[in-house]
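# Results of the structural survey
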Amino acid sequence: STFRLNPLETIEVFTPGPSIAVSMKCADQPIGGTLTGWIDGEWIDVPLGKDKCLPEPVRCTFPYQSKSLDRYRTSRQVAVRGSGSDFYVLEAENVTPDLKGSLQKHHVAAVAEDVRTVVFVVCAYVIDHTGNLLFEEVILGDQNIQRSSRSINPSSLMGSPPFSAYSSAKHRRRVSLLPGSSNLIRLASLTMDGDEGMKKSVPFRVEDVSMTEGVDATPILWADSTPSGYFAYRNLTAEGSELHVVPEYVIFNGSTHHQICVRQISQPPFLLDPSKISPISRDRNNSIVVQFEIPAINGLTGPVQIDRVGLRVCVAKSRETGEPLGSLAVQTVTGARDSRLVIKIGALNFKEVSGNDRSSGLFAQDCIRCRVRWSEMRITLKDTEEESDKYDENREAIRKYLEHHNVNSAELEKKLSEARHDYNMEVGKKRQAFPDVAEILLHRFTVDFQRIFKEDESKPQAISLPSSERAQFSVVIHNVRIMDCSPNSESPIVFDSMSDKNFIDLCVRTRGPLNADLIRVDLFDVNLAYSEGKAEKIVINTGEDFVWKMLDISHRTMLATAELAGVDLDLRWDEEKGKFSVAISDPRLKDADDIDHDGNYKPPRSDKLYDVKKIRVSPFILLLSFKRQPQSSRYKLVRGGRGAKLTNYFTTRLKFTVTGADLRFKGYMGRDVKGPPDRLFDTVKAVYTAQLKSKMVQLMTATSINDWKYLAARESGSEEFIEGDIFRVTGNLAGRSAKFVLKKSGDYI
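Residue positions are given per chain, counted from 1 along the sequence in the order it is written. This being a predicted model, a pLDDT of at least 70 is required before a residue's local features are given, and a value of 80 or more before pairs of side-chain atoms are given or counted; all residues contribute to the totals for chains, interfaces and linings. Side-chain descriptors were evaluated using all non-hydrogen atoms of the structure, hydrogens and water having been removed beforehand.

## Description of the overall build of the protein chain
Filter applied, for reference: To qualify as a helix, a DSSP run of H or I must reach at least 4 residues; to qualify as a strand, a run of E must reach at least 2; elements of each kind are numbered from the N terminus. The cut-offs for exposure are 20% and 50% of the maximum accessible area for each residue type, with area from a 1.4 Å probe on protein chains only; residues under the lower value are buried, those over the upper are exposed, and the others partly exposed. For this analysis, residues touch if any pair of their heavy atoms sits within 4.5 Å.
Looking only at helices and strands, the protein chain features nine helices and 43 strands. Looking at the protein chain as a whole, 37% of its 749 residues qualify as buried. Once local pairs closer than 6 in sequence are excluded, the contacts in the protein chain between residues at least 24 apart make up 64%.

## A short note on the nonpolar core
Heads up, the condition is: Nine residue types can take part in a nonpolar core, namely buried Ala, Val, Leu, Ile, Met, Phe, Trp, Tyr and Cys, and a core is a set of them joined through side-chain atoms within 4.5 Å.
Residues Ile538 and Tyr688 are the most contacted members of the largest nonpolar core, which totals 30 residues. Ignoring any residue separated from it by four or fewer positions in sequence, one finds tyrosine 688 in contact with Val617, Ser618, Phe620, Phe665, Lys666, Gly667 and Tyr668. Ranked by size, the runner-up nonpolar core spans 20 residues in total, among them Ile288, Ile294, Cys314 and Ala316.

## Thoughts on the pattern of salt bridges
What counts here: We count a salt bridge whenever a side-chain nitrogen from Lys or Arg sits within 4 Å of a carboxyl oxygen from Asp or Glu.
Counting across every chain of the model gives 24 salt bridges. A salt bridge links arginine 282 to glutamate 248; its shortest N-O distance comes to 3.1 Å. Of the two residues, arginine 282 sits in the loop between β20 (277–280) and β21 (289–294) while glutamate 248 sits in the loop between β16 (241–247) and β17 (249–253), which places them 34 residues apart along the sequence. Residue arginine 282 is classed as partly exposed on the basis of its relative accessible area of 28%. Look at glutamate 248 and you get buried, because its relative accessible area is 11%. Between lysine 537 and aspartate 662 there is a salt bridge, and its shortest N-O distance comes to 3.7 Å. Residue lysine 537 is located in strand β36 (residues 537–543), and its partner aspartate 662 is located in strand β41 (residues 656–665); the two are separated by 125 residues in the primary sequence. One connected set of salt bridges, linked through shared partners, spans Glu248, Arg282, Asp307 and Arg340.

## Focus: the environment of glutamate 56
Mapped onto the fold, glutamate 56 is located in the loop between β2 (44–47) and β3 (58–63). Accessibility expressed as a relative area gives 45% for glutamate 56, which makes it partly exposed. Expressed as a C-alpha distance, the spacing of glutamate 56 and glutamate 91, which sit 35 residues apart in the sequence, is 8.3 Å.

## What to know about the sheet that holds strand β14 (residues 218–221)
The condition that has to hold: Pairs of strands are assigned from DSSP output, requiring at least two bridges between the strands. Angular values range over 0 to 180 degrees, each being the angle between N-to-C directions of two axes fitted as lines to C-alpha atoms, with helices fitted over their stretch in contact.
Strand order in the open sheet made by the six strands is β9-β10-β6-β16-β15-β14, with mixed pairing throughout. Whereas interior strands pair on both sides, the edge strands pair on one side only; in this sheet they are β9 (165–168) and β14. For this sheet, the mean angle separating the axes of adjacent strands, direction not counted, is 35°. Direction of pairing for strand β6 (residues 124–128) relative to strand β10 (residues 173–178): antiparallel, over a ladder of five bridges. Bridge pairing in β10 places aspartate 128 opposite arginine 174.

## Some thoughts on the environment of glutamate 91
Selection criterion: Polar contacts, as counted here, are pairs of nitrogen or oxygen atoms within 3.5 Å of one another; within protein the pair requires one atom able to donate a hydrogen and one able to accept it, and residues that are adjacent in sequence qualify only if both atoms are side-chain atoms.
Relative to the helices and strands, glutamate 91 resides in strand β4 (residues 84–91). Of the residues examined, glutamate 91 reaches a relative accessible area of 0% and is grouped as buried. Sequence separation of glutamate 91 and valine 119 is 28 residues, and the distance between their C-alpha atoms is 6.1 Å. Engagement of the side chain of glutamate 91 in a polar contact is seen with the backbone nitrogen of leucine 54, the distance being 2.9 Å.

## Some thoughts on helix α6 (residues 677–693)
Here is the rule we go by: For a helix, the expected span equals 1.5 Å multiplied by the residue count minus one.
For α6, which comprises 17 residues, the first-to-last C-alpha distance of 24 Å matches the rise-based estimate of 24 Å (1.5 Å per residue) to within 8%. Residues of α6 that are buried in the fold lie against β39 (609–617), β40 (620–628), β41 and β42 (668–675).

## A look at the packing of aromatic side chains
For clarity, the cut-off: Here is the rule: rings of Phe, Tyr and Trp (six-membered ring for Trp) pair when centre to centre is within 6.5 Å. Planes less than 30 degrees apart are stacked, more than 60 are edge-to-face, and the remainder are tilted.
In total, this model carries seven aromatic pairs according to the counting rule given. Ring plane angle 90° and centroid distance 6.2 Å describe the contact between tryptophan 222 and tyrosine 230, whose orientation is recorded as edge-to-face. Considering the side-chain rings of phenylalanine 495 and phenylalanine 503, the 5.4 Å spacing of their centres and the 85° angle between planes classify their relative orientation as edge-to-face. By the burial criterion, phenylalanine 495 is buried, and phenylalanine 503 matches it.

## Digging into the environment of asparagine 183
Take asparagine 183: it is sitting in the loop between β10 and β11 (184–190). If we skip the residues at most four places from it in the chain, asparagine 183 touches Glu137, Phe204, Arg205 and Val206. At 3.1 Å, the side chain of asparagine 183 and the side chain of glutamate 137 are in polar contact.

## Some words on the sheet that holds β3
Taken in spatial order, the three strands of this open sheet run β3-β4-β5, and their pairing is antiparallel. With partners counted over all chains shown, the strands left at the sheet margins are β3 and β5 (118–121), one partner each. Here the average twist between neighbouring strands, direction ignored, is 25°.

## Considering the side chain of glutamate 439
Structurally, the position occupied by glutamate 439 is in strand β29 (residues 436–453). A distance of 3.2 Å separates polar atoms of two side chains, one belonging to glutamate 439 and the other to arginine 378. For glutamate 439, the residues in contact, after removing those within four places along its chain, are Arg378, Ile379, Thr380, Arg481, Ile482, Met483 and Cys485.

## Some remarks on the pairing of β5
In regular strands, side chains alternate between the two faces of the sheet. Of the two faces of β5, the one lined by Val119 and Val121 is fully buried and the one lined by Val118 and Phe120 carries no buried residue. Here β4 pairs with β5 via four bridges, running antiparallel. Each residue of the ladder has a partner; that of tyrosine 88, found in β5, is valine 121.

## With respect to a nonpolar patch on the surface
For clarity, the threshold we go by: Within the patch definition used here, like charges are joined within 9 Å and nonpolar side chains (Val, Leu, Ile, Met, Phe, Trp, Tyr) within 5 Å, considering only residues with over 30% relative accessible area and no salt bridge. Reported accessibility uses the Shrake-Rupley method at a 1.4 Å probe radius. Residues are deemed covered only where the shown protein chains occlude them.
A grouping of Phe3, Leu5, Ile11, Val13 and Phe120 is seen on the molecular surface, where their side chains present a nonpolar patch of about 470 Å² in accessible area. Within the element layout of this structure, phenylalanine 3 appears in the segment before β1 (19–22). When its relative accessible area of 59% is taken as the criterion, phenylalanine 3 is described as exposed.

## With respect to unusual backbone geometry
In this model, serine 225 sits at a positive phi of 70°, which is unusual for a non-glycine residue. Within the secondary structure, serine 225 sits in the loop between β14 and β15 (227–236). Take serine 225: its relative accessible area is 52%, and that puts it in the exposed class. One non-glycine residue, asparagine 286, lies in the positive phi region at around 60°. Following the sequence through the fold, asparagine 286 ends up in the loop between β20 and β21.

## Section: the confidence of the model for the protein chain
Interpretation of this model should avoid reading the predicted coordinates in detail wherever pLDDT is low. Let me state the cut-off plainly: As a per-residue quantity, pLDDT reports the predictor's confidence and falls between 0 and 100.
Taken over all residues, the pLDDT of the protein chain has a mean of 76, while the share at 70 or more is 68%. Confidence over residues 352–359 falls short of pLDDT 50; this stretch has five contacts with residues more than four positions distant or in other chains. Of the regions scoring below 50 in pLDDT, residues 736–742 engages in zero contacts with residues more than four places distant in sequence or in other chains.

## What to know about the pairing of β16
The buried count for β16 comes to seven of seven residues, which makes it a mostly enclosed element. Residues Ser241, Leu243, Val245 and Pro247 of β16 are buried on one face, and the alternating residues Glu242, His244 and Val246, pointing to the opposite face, are buried as well. Summarising the sheet, β6 and β16 pair through five bridges and their orientation is parallel. Bridging across to β16, aspartate 128 finds its partner in valine 245. Following β15, the chain reverses through four residues before pairing antiparallel with β16.

Right, here's the structure in full:
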């Protein structure tokens with residue numbers, strides 16, 4: 001009998017005999033590379049019986065067909081009978097990465113009805129994301145060559161015929177079977193240059209390839225050490241390694257309606273359909289300069305260089321009249337699974353020629369004004385750390401129930417209600433015992449957003465098309481106070497800005513649509529307790545204990561939210577039973593692909609980009625008081641290094657108090673700042689970090705050391721400085737120095 005086995009499928013075999021003989025071949029016809037036939041030896045004898053098993057993996061080969069070998073008989077290729085694509089036959093319990101350790105004889109436990117599972121696996125395979133590469137094994141002519149591929153002499157290399165390349169329905173790309181992770185391989189590309197018609201790369205091993213995708217992928221060089229434009233990364237599998245070969249760049253059409261024709265210097269133009277990608281490579285000048293043509297509107301952009309990370313805005317002009325028709329935002333970002341870098345072409349933004357255009361959304365062309373005011377908001381942080389075994393039990397029970405049963409909405413609601421009721425009964429008894437950690441008071445809190453449409457009388461810039469949309473977002477908090485609720489706190493008011501000036505007055509004004517690839521910001525203005533040219537003091541008075549409490553709460557909060565956000569409920573409609581089936585899955589374990597089943601590409605997410613015309617931060621004054629009482633259990637001791645004792649003293653022993661440090665920071669003004677939000681934040685952060693370093697004199701002046709008892713080796717008195725401590729510390733240092741000198745001299749003698 002003949003059966004066709006798809007990937008991960010099984011066939012159940014029933015036979016009374018002591019063994020079963022099987023033979024195999026690749027059912028799919030390769031779309032590239034060398035054809036293969038039935039396995040060498042034709043039959044594999046698999047023993048049957050309760051105490052019978054395959055003692056070790058059986059290596060088998062899909063041999064190359066003789067008629068296919070004739071195309072690859074060159075002076076540097078080995079094309080002999082018996083060469084081909086290797087795979088292994090073994091017991092399912094013995095599958096290990098690269099089959100390491102599977103040579104040991106494992107006892108195969110008998111399962112229900114004495115069923116044994118025999119699997120056919122390959123240790124390594126490659127997924128070609130380019131669609132035009134072949135792979136071949138490299139055989140060393142000199143067996144004494146070192147293992148490192150960098151020391152290989154090209155003249156001693158002999159290559160096998162290219163491995164078969166198959167079109168994989170699962171991966172939706174070309175797949176080739178590889179001999180193993182430790183075997184030398186190289187990629188081959190068809191070319192018109194040279195006599196052989198194929199260009200070969202430098203040999204490499206799968207196990208030496210980076211396991212990180214994107215910009216950290218391993219570059220592949222041609223045999224003459226020039227860049228190939230291809231990169232590789234690998235993923236670990238249960239059987240070994242999954243190698244991915246990707247281009248350096250892919251270009252993506254982010255429009256949902258318009259085709260885009262990409263014209264590159266010295267390269268034939270190609271057409272990009274909406275939501276599709278295409279590889280693109282550097283030119284002879286080691287750059288990518290292109291023009292974009294939009295056939296639907298007969299528009300063409302000017303030449304633009306897109307090989308560097310960043311954003312460019314291109315204006316599409318009519319090929320007949322030269323009039324601007326629309327704009328394209330082109331962004332180059334780091335890639336993911338399909339490339340090292342992705343060039344994303346945004347949707348075409350049309351020029352506004354009339355007010356009769358159809359709206360793309362319910363409120364797309366409406367003026368909006370929204371304001372929310374709170375007279376006072378109090379936020380109390382409680383320490384709810386407790387034993388939650390009961391709730392964990394209920395949650396685990398629900399998880400198991402959902403995984404193994406089909407649950408309708410009524411049953412699900414009942415189970416959740418029961419679990420929550422039991423948990424609330426336990427928590428309700430202890431709720432009064434939860435201590436308050438901190439209280440945050442926001443007095444006169446206002447959030448305001450408004451959008452209008454206003455024609456710009458000034459001439460539009462050449463880089464973009466005019467837009468009449470204007471928006472303003474503002475946040476005003478009059479006063480903020482943070483209080484330490486610990487009963488023994490020496491500074492109950494940690495943060496205070498109770499003055500007649502607003503603690504924070506934030507105003508952001510934008511020009512153009514807020515959903516654009518590049519958001520244009522006319523003004524970003526922040527005032528901190530500042531108005532009418534004068535700044536009020538912002539008081540910060542706390543200690544190390546309060547800081548650690550807040551860090552503990554934030555850490556537990558992040559863990560709790562991560563646990564809740566790390567579970568997905570998958571609902572699937574069961575046609576036979578006429579209801580939904582519910583399953584819980586971890587989204588972090590899903591093997592997501594960049595290309596969906598319709599062939600549409602999902603580009604990697606990138607931050608919004610901002611073009612800030614003016615950013616302004618007001619001057620502000622901090623009145624800082626801080627008391628350090630180190631908790632030695634919070635710090636890890638440094639051992640064995642130079643200066644370890646001094647470092648451990650500063651981290652675990654040193655006590656000091658900063659009292660009323662008056663830190664005055666100047667305002668900041670910046671213009672024409674472009675980039676993602678983190679770049680804007682880093683720009684402002686760098687300015688005030690430099691200012692803080694210049695405030696070290698004020699900090700040192702306001703700092704008093706509270707560890708004089710330890711430094712002076714006193715047995716009585718307080719930690720503060722008392723008369724005579726300077727002389728005691730000096731004597732201790734002199735005595736220790738003399739002891740050190742005598743010890744070293746004695747060792748030398």
